Amino acid sequence: MRAPYEAVAQFYDKLLLDGEYKKYVDLIVKKVKDNAPVFAGADGGCGSGIVTRALKKAGAGVWGFDISDDMLQKAVIAAKKDKLNVTFLKQNLLNFKSFEKLGFLTVINDGLNYIDPKNLTAAFKNFNKNMVKKGALVFDISTPYKLKTVLGNNVYGDDGEDLSYIWFNTLGDGFVDIEITFFEKKGEVYVRTEETQRQYIHEIEDVYSALKDAGFTLGNVCDELGGELKSDSMRAVFTAIKN
């Protein structure tokens, strides 16, 4: 069984990049532009660099970091293809270090869901330490509703022409364990790859509390479309400002 995102890295953009996700990325860029005192910062847990590249194209001075070598490799290739000069580094969210204080930090597409709730305040404190005063922290989480009810103990799958997958979820005490198996068509055969992940459930009020304890003021919370956060919203998007 592969490490988290070793297998997913191969298919990440193909699974994410549709019209709705592009609208979501536009929302994130707007939140950064509207709130960052300086349009220069970092994209944490950057994955294949989708948000990093969007910020760069919008005029931001931005670099990306991630813990996955496979995702970083995809990010570098994609940036070069778009002829963008972006630095990508291997660092994790809990103890990353920036060479310069950041005007903004983004952590998009469930990056915080991979952090155990007991370490959430510590992660936010580290974010704070690396940011300028009034710096903007823009991040999302998959909501408790999504992880408990939609994923829960359910099974999902998709049978595409060139890529199929089956996705098993097991709900635990405060987390969901995910097992994904991909079948990619290569010539006349399908190549199978597998990996496991664990996403932690963060209650919304606990996120508020951790932000406050870490020296942030909550600016705004919405769903992935920029609308009101509801009990059945799948994603919560936070904008917080360093005190």
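Please refer to the structure higher up on the page.
Residues numbered from 1 in each chain as written. Predicted model: local features only at pLDDT ≥ 70, side-chain atom pairs only at ≥ 80, totals over all residues. Heavy atoms only, no water.

Within the chain, the regular secondary structure consists of seven helices and eleven strands. For 243 residues, the compact-globule formula gives about 18 Å, and the C-alpha radius of gyration of the chain, at 18 Å, lands near that figure. With the principal axes as the frame, the chain shows a C-alpha extent of 55 × 45 × 30 Å. Looking at the chain residue by residue over its 243 residues, the buried ones come to 50%. Summarising the internal contacts of the chain: among those between residues at least 6 apart in sequence, 65% fall at separations of at least 24. If you sum the accessible surface of the chain, you get close to 12,100 Å²; carbon and sulfur atoms cover 49% of it. The chain carries 32 positive and 34 negative side-chain charges, and their two centres are separated by 8 Å. (Helix = DSSP H or I, 4+ residues; strand = E, 2+ residues; numbered from the N terminus. Rg over C-alpha atoms; globule rule 2.2 N^0.38 Å. Buried < 20%, exposed > 50% of the residue type's maximum accessible area, 1.4 Å probe, protein only. Contact = heavy atoms within 4.5 Å. Areas by Shrake-Rupley, 256 points an atom, 1.4 Å probe, with all protein chains shown as cover. Lys, Arg positive; Asp, Glu negative; His and termini not counted. Charge placed at Lys NZ, Arg CZ, Asp CG, Glu CD.)

This brings us to the nonpolar core. Counting 28 residues, the largest nonpolar core has L105, F124, F127, L137, F139 and F216 as its most contacted members. Elements with a minimum of two residues in this core: β2 (61-66), β4 (102-107), α5 (120-129), β5 (131-142), α7 (204-213), β10 (216-222) and β11 (235-242). Among residues more than four places away in sequence, those in contact with L105 are A42, G44, F65, F96, F127, M131, A136, L137 and V138. (Core = buried A, V, L, I, M, F, W, Y, C linked by side-chain atoms within 4.5 Å.)

All right, on to the sheet that holds β10 then. An order of β3-β2-β1-β4-β5-β11-β10 is seen for the seven strands of this open sheet, with the pairing classed as mixed. Looking at which strands have only one partner, the edges of the open sheet turn out to be β3 (88-90) and β10. Taking the axes of each pair of neighbouring strands and ignoring which way they run, one obtains an average angle of 20° across the sheet. Of the strand pairs in this sheet, β2 and β3 are connected by three bridges, and their pairing is parallel. Looking at β3, one finds that G64 is bridged to F88. Contacts between helix α4 (residues 69-81) and the sheet are confined to β2 and β3, with β3 contributing the most and set at about 170° to the helix. (Pairing = 2+ DSSP bridges. Axes fitted to C-alpha atoms, helices over the stretch in contact; angles between N-to-C directions.)

Looking now at helix α3 (residues 50-57). Taken across its eight residues, α3 has six buried, putting it largely inside the fold. Listed as buried for α3 are I50, V51, T52, R53, A54 and L55.

The next subject is the packing of aromatic side chains. For the structure shown, the criterion picks out ten aromatic pairs. Aromatic pair F96 and F127: ring centres 6.1 Å apart, planes at 50°, arrangement tilted. Here F96 is found in the loop between β3 and β4, whereas its partner F127 is found in helix α5, with 31 residues between them in sequence. Assigned by exposure class, F96 and F127 land together as buried. Relative to F127, the ring of F124 lies with its centre 5.9 Å away and its plane at 65°, an arrangement referred to as edge-to-face. (Phe/Tyr/Trp six-rings, centres within 6.5 Å; stacked < 30°, edge-to-face > 60°.)

Once that is clear, we can look at the pairing of β4. Where a strand is regular, its side chains alternate between the two sheet faces. Across the six residues that make up β4, a large majority, six, are buried. Of the strand pairs in this sheet, strand β1 (residues 40-44) and β4 are connected by four bridges, and their pairing is parallel. Across the sheet, D43 pairs through a bridge with T106, a residue of β4. Here β4 runs beside β5; their pairing, made up of five bridges, is parallel. Each bridged residue has a counterpart across the sheet, and for V107 the counterpart in β5 is F139. Handedness of the crossover joining β4 and β5 through α5: right-handed. (Right-handed = clockwise from strand over helix to strand, strands pointing away.)

Peptide bonds are, in most cases, trans, and in most cases residues other than glycine have a negative phi. If you check the backbone angles, K83 has positive phi at about 60° while not being a glycine. Tracing the sequence through the fold places K83 in the loop between α4 and β3. Even without being a glycine, K134 presents a positive backbone phi close to 70°. Of note, K134 is situated in strand β5.

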